[in-house]
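# Structural overview
The lines below spell out each chain.
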2 protein chains.
Amino acid sequence: MDRGETIAGIYGELTRFTRRVRARGGAWHPDLSLVAYTLLAHIDGAGRVRAADLAAHYALDKSTVSRQVADLRERGLVTPVPDERDARAHVLTITPEGRRRLDEANASLRDRLEDRLSSWPEEDLATFAALLARFNADMS
Amino acid sequence: MDRGETIAGIYGELTRFTRRVRARGGAWHPDLSLVAYTLLAHIDGAGRVRAADLAAHYALDKSTVSRQVADLRERGLVTPVPDERDARAHVLTITPEGRRRLDEANASLRDRLEDRLSSWPEEDLATFAALLARFNADMS
DNA sequence: CCCAGTTGGTTGGAATATACAACTTTCCAC
DNA sequence: GTGGAAAGTTGTATATTCCAACCAACTGGG
């Protein structure tokens with residue numbers, strides 16, 4: 001198999017993967033959309049996130065982010081802390097409840113993953129993890 | 001690194017990947033939404049697809065599929081052929097124009113992929129392709 | 001210091017996508 | 001045949017998004 005075919009194969013597998021994610025859609029966590037979940041995870045993972053950062057990172061309109069964040073705020077999953085360097089902005093922080101919900105969703109997904117990968121030998125897992133990481137780094 | 005950590009790493013990379021796909025959103029092919037593109041690709045790839053099959057496969061409501069297919073039909077990208085075994089149904093087939101559009105989109109994505117992976121040695125590419133394929137098989 | 005332009009964020013309005021429900025036509029099992 | 005299930009279409013409601021207009025606050029050049 002030449003290089004072009006191999007890349008075509010990778011392309012095919014990636015589209016298959018994204019389609020499956022698409023097919024499962026919002027069935028991940030009840031009552032929390034994929035976008036809301038993604039934003040919450042980002043707020044949890046990164047330090048000093050403002051709404052504008054989220055908009056830039058996910059190529060969403062700032063009004064969209066504003067409403068999504070408002071929703072997360074109303075549900076008590078994030079709290080906006082006034083940014084001491086810029087009175088216009090707020091730094092978004094996750095609440096304990098938000099963290100709990102996020103951990104819950106993550107755990108359920110990881111469990112499913114672990115279950116499906118139970119037949120993989122340790123070595124293949126490590127290789128796959130490393131290649132995936134390199135792939136993401138090269139693509140971003 | 002133990003098995004749990006490795007799997008957590010894979011999980012993290014996969015979410016990073018899906019988020020990037022999400023972020024790029026519909027910017028893939030002008031004038032063709034991600035859903036429309038996905039359905040078109042499915043119609044092209046599988047034999048004897050009916051609207052109900054698409055709905056079942058992607059967990060979409062049949063009304064949603066009906067409208068999406070109507071749109072693809074209006075654009076001349078698919079043609080519904082009456083199903084000779086069932087007068088209620090139509091078998092969806094891709095048109096030459098639909099194929100052309102699909103090939104165009106695929107080629108542009110594959111080019112981008114090839115460009116980003118240009119630094120990878122042949123062997124790593126092959127390993128990655130094989131592991132991805134196995135992963136998809138195990139997850140589906 | 002002040003003013004022009006920029007940036008963070010909110011809100012109103014319109015477009016779009018989707019799910020749910022009701023309906024028609026056809027199929028199938030009895 | 002008849003009753004129930006299935007394929008698809010269409011009406012309606014809701015959710016998500018973008019665009020535009022807006023306000024408040026920041027920034028840099030005079």
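Predicted, not measured: the structure shown is a model, and the values here were computed from it.

### Quick word on the pattern of salt bridges
Residues and elements named next belong to chain A.
- Enumeration over the complete set of coordinates arrives at 18 salt bridges over all chains.
- In this structure, Asp83 engages Arg48 in a salt bridge whose closest nitrogen and oxygen atoms are separated by 3.1 Å. Pair noted here: Asp83 is in the loop between strand 1 (78-82) and strand 2 (90-94) and Arg48 is in the loop between helix 2 (34-45) and helix 3 (51-58), with a separation of 35 residues, a long-range link.
- By relative accessible area, which is 7% here, Asp83 ends up buried.
- By relative accessible area, Arg48 is classed as partly exposed at 37%.
- Residues participating in the shared-partner salt-bridge network are Glu97, Arg100 and Glu104.

### Things to note about the environment of B:Asn136
- Mapped onto the elements, B:Asn136 comes out in helix 6 (residues 122-139).
- As for B:Asn136 and B:Leu14, which are separated by 122 residues in sequence, their C-alpha atoms are 12 Å apart.

### A short note on the protein's contact with DNA strand C
- Lining the immediate environment of DNA strand C, one finds 23 residues, of which A:Lys62, A:Ser66, A:Arg67, A:Arg88 and B:Gln68 sit closest.
- Sugar and phosphate atoms constitute 52% of the interface atoms of DNA strand C, taking the interface as everything within 4 Å of the protein.
- For DNA strand C, a base oxygen lies 2.3 Å from a polar atom in the side chain of A:Lys62.
- In this structure, B:Asp61 approaches DNA strand C through a main-chain N or O atom, which is 2.9 Å from a phosphate oxygen.
- Within the residue set of the surface near DNA strand C, elements represented by two or more residues are helix 3 and helix 4 (62-74) of chain A together with helix 4 (62-74) of chain B.
- With five residues, helix 4 of chain A is the single largest residue contributor to the surface near DNA strand C.
- Here the surface near DNA strand C is composed, by residue class, of seven nonpolar, six polar and ten charged.

### Quick notes on the relation of the copies chain B and chain A
- By a simple turn and slide, chain B fits onto chain A: the slide is 0.1 Å along the axis, the RMSD is 0.2 Å, and the turn is 179°. Given the turn and translation reported, the copies of this chain are related as if by a two-fold rotation axis.

### A word on the protein's contact with DNA strand D
- In the region of DNA strand D, 23 residues are neighbours, and A:Thr64, A:Gln68, B:Lys62, B:Arg67 and B:Arg88 sit closest.
- Atoms of DNA strand D within 4 Å of the protein: sugar and phosphate make up 51%, bases the balance.
- B:Ala51 has a polar backbone atom sitting 3.5 Å from a phosphate oxygen of DNA strand D.
- Between DNA strand D and the protein, one listed contact pairs a phosphate oxygen with a backbone N or O atom of B:His90 at 3.2 Å.
- Mapped by element, the contributors of at least two residues to the surface near DNA strand D are helix 4 of chain A together with helix 3 (51-58) and helix 4 of chain B.
- Broken down by element, the residue count for the surface near DNA strand D peaks at five residues, all from helix 4 of chain B.
- Taken together, the residues that form the surface near DNA strand D break down as seven nonpolar, six polar and ten charged.

### Details of empty space enclosed by the protein
- All told, the structure shown has three cavities of 30 Å³ or more when counted by the stated rule.
- Contributing to the lining of the second largest cavity are A:Leu14, A:Phe17, A:Leu132, A:Phe135, B:Leu14, B:Phe17, B:Leu132 and B:Phe135.
- Elements supplying a minimum of two residues to the lining of the second largest cavity: helix 1 (3-24) and helix 6 (122-139) of chain A together with helix 1 (3-24) and helix 6 of chain B.

### A short note on the interface of chain B and chain A
- With 54 residues of chain B at the interface, the matching set in chain A holds 54 residues.
- Both faces considered, chain B and chain A share a buried interface measuring about 5,700 Å² in area, 66% of it formed by carbon and sulfur atoms.
- Contact with chain A buries area across many residues of chain B, yet B:Arg3, B:Tyr11 and B:Met139 alone supply 13% of it, more than any other trio.
- The tally of links from chain B across to chain A stands at four salt bridges.
- Salt-bridge contacts for B:Arg3 lead to A:Glu122; the nearest nitrogen and oxygen are separated by 3.6 Å.
- On inspection of chain B and its partner chain A, the count reaches 20 residue pairs in polar contact (both at pLDDT 80 or more).
- Considering each element in turn, the side of chain B that touches chain A owes the most residues, 16 residues, to helix 1 of chain B.
- Across the side of chain B that touches chain A, the residue classes tally to 29 nonpolar, ten polar and 15 charged.

### Thoughts on the packing of helix 3 of chain B against helix 4 of chain B
Residue and element names in this part refer to chain B.
- Packing of helix 3 against helix 4 brings their axes to within 9 Å, and their N-to-C directions diverge by 125°. Comparing the axis directions of helix 3 and helix 4 gives the class oblique. In the crossing of helix 3 with helix 4, the sense of the turn from one axis to the other is right-handed. Residues Ala51, Leu54 and Ala55 of helix 3 form the contact with helix 4, whose participating residues are Lys62, Val65 and Val69.

Rules and cut-offs
- Residues numbered from 1 in each chain as written.
- Chains lettered and ligands numbered in written order.
- Predicted model: local features only at pLDDT ≥ 70, side-chain atom pairs only at ≥ 80, totals over all residues.
- Heavy atoms only, no water.
- Salt bridge = Lys/Arg side-chain N within 4 Å of Asp/Glu carboxyl O.
- Helix = DSSP H or I, 4+ residues; strand = E, 2+ residues; numbered from the N terminus.
- Buried < 20%, exposed > 50% of the residue type's maximum accessible area, 1.4 Å probe, protein only.
- Near = heavy atom within 4 Å.
- Polar contact = N/O pair within 3.5 Å; in protein donor to acceptor, adjacent residues only side chain to side chain.
- Nonpolar A, V, L, I, M, F, W, Y, C, P; charged D, E, K, R; others polar.
- Least-squares fit on C-alpha atoms with pLDDT ≥ 70 in both.
- 1 Å grid on protein atoms, 1.4 Å probe; cavity = no way out; pocket = protein on both sides within 12 Å on 5 of 7 lines; lining within 4 Å.
- Points joined across faces, edges and corners; volume = space filled by probe spheres on them.
- Contact = heavy atoms within 4.5 Å.
- Buried area = accessible area lost by both parts, 1.4 Å probe.
- Axes fitted to C-alpha atoms, helices over the stretch in contact; angles between N-to-C directions.
- Parallel < 35°, antiparallel > 145°, perpendicular 65-115°, else oblique.
- Left-handed = near helix turned anticlockwise from the far one by under 90°.

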